[in-house]
Amino acid sequence: MSTTALGAAEPSRWTARLHPIPQPAREVMVIGWHAAFANTPAAGTRVAVFPDVEPGPDHLTVMALVRIEHATALDTITHDGTHETHWGPDPFGIAKTGISWRLVPAHRDGDDRWVIAPGWWAAGGEEAVLSNSVTERALGAPTVVPVYDHDPHTGKRWTS
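For clarity, every value in this text was computed on a predicted model and none was experimentally measured.

Calculation rules
- Within each chain, residues carry numbers counting from 1 in the order of the written sequence.
- In keeping with the model being predicted, local features are shown solely for residues with a pLDDT of at least 70 and side-chain atom pairs are shown and tallied solely at 80 or more, while totals for entire chains, interfaces and linings include all residues.
- Side-chain measures here rest on the full set of heavy atoms in the structure, leaving out hydrogens and waters.
- Note on conventions: DSSP H or I runs of at least 4 residues are helices, E runs of at least 2 residues are strands, and numbering of each starts at the N terminus.
- Whether two residues are in contact is decided by their heavy atoms, any of which lying within 4.5 Å being enough.
- With residues, only the protein chains shown are counted as cover, and all accessible areas are computed by Shrake-Rupley using a 1.4 Å probe.
- Only strands that DSSP links by at least two bridges are regarded as paired with each other.
- In what follows, salt bridge is the name for a side-chain nitrogen of Lys or Arg lying within 4 Å of a carboxyl oxygen of Asp or Glu.
- Partly exposed describes any residue whose relative accessible area lies between the buried limit of under 20% and the exposed limit of over 50%, with all areas from a 1.4 Å probe on protein chains only and scaled to the type maximum.
- What pLDDT expresses is the predictor's confidence in each residue, scored from 0 to 100.
- Residues enter a nonpolar core if they are buried and are Ala, Val, Leu, Ile, Met, Phe, Trp, Tyr or Cys, with the set joined through side-chain atoms within 4.5 Å.

Before going further, it helps to examine the overall build of the protein chain. Within the protein chain one finds 1 helix and 10 strands. Going residue by residue from the N terminus, the α and β elements of the protein chain occur as β-β-β-β-β-β-β-β-β-α-β. In the protein chain, the share of contacts with a sequence separation of at least 24, taken over all contacts with a separation of at least 6, comes to 63%. Of the roughly 9100 Å² of accessible surface on the protein chain, 54% is carried by carbon and sulfur atoms.

Right, let's get into the pairing of strand β2 (residues 26–38). Bridge count for β2 against strand β4 (residues 61–70) is 10 bridges, and the pairing is parallel. Bridging across to β4, A38 finds its partner in H70.

One pass over the full model with this rule turns up 6 salt bridges. The partner of R26 in a salt bridge is E126, with the nearest N and O atoms 3.2 Å apart. With a gap of 100 residues between them, R26 in strand β2 and E126 in the loop between β8 (114–116) and β9 (127–130) connect regions that are remote in the sequence. Ionic pairing is found between R113 and D111, a salt bridge with its closest N-O pair at 3.2 Å. When its relative accessible area of 54% is taken as the criterion, D111 is described as exposed. Because the salt bridges share partners, they merge into one network encompassing R26, E126 and D149.

Let us look at unusual backbone geometry. Of note, the phi angle at D52 is positive, near 55 degrees, even though the residue is not glycine. In this model, D112 sits at a positive phi of 65 degrees, which is unusual for a non-glycine residue. Structurally, D112 is set in the loop between β7 (98–108) and β8.

Mean pLDDT over the protein chain: 80, with 79% of residues reaching 70 or higher. Across the protein chain, the element-wise mean pLDDT spans from 71 in strand β6 (residues 83–88) up to 94 in β8. In the model, residues 1–9 has pLDDT below 50 throughout and makes 13 contacts with residues more than four positions away in sequence or in other chains.

What follows deals with the nonpolar core. Judged by nonpolar contacts, the single largest core of 35 residues is most densely connected at V30, L65, L103 and L130. When residues of this core are traced back to their parent elements, those giving at least two are β1 (15–19), β2, β4, β7, β8 and β9. Considering every element that reaches this core, the biggest residue donor is β4, with 6 residues. Not counting the four nearest positions on each side in its chain, V30 is found in contact with W14, T15, A16, F50, V53, M63, L65, L103, L130 and V134.

So, in structure tokens, the structure goes:
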């Protein structure tokens with residue numbers, strides 16, 4: 001069994017170990033991942049499922065790893081009067097820039113595909129230590145990512 005940068009034992013294959021404060025750590029199933037551009041992907045967005053992964057009888061909460069390349073739509077009118085849109089960093093420095101990673105709730109849709117779960121999810125104060133199998137498959141993923149499983153409207157956390 002290997003250890004992570006935080007010194008804790010590595011989670012099982014295709015899982016992540018959550019570290020809330022002050023409760024003990026719990027494990028979740030990371031079903032797959034999605035790369036988004038500009039904004040957080042909407043509920044119902046399909047997830048690229050990792051190979052040979054299927055939730056087991058242990059009924060772990062199922063989540064998806066999401067990579068977001070943040071960008072802002074920049075509209076310009078050219079000298080001939082045509083409208084052009086290109087994407088880039090926010091010129092006012094207000095919007096988020098760069099790339100961020102997070103775990104979000106996932107579930108099966110009506111067509112039995114894994115998708116991002118319905119609802120609006122916010123960071124809930126937990127971080128997840130991803131297993132090596134997850135970070136090797138989702139290139140560029142950090143070892144530790146925030147967990148977005150908190151519904152700010154109801155105050156409840158996602159449980160699958």
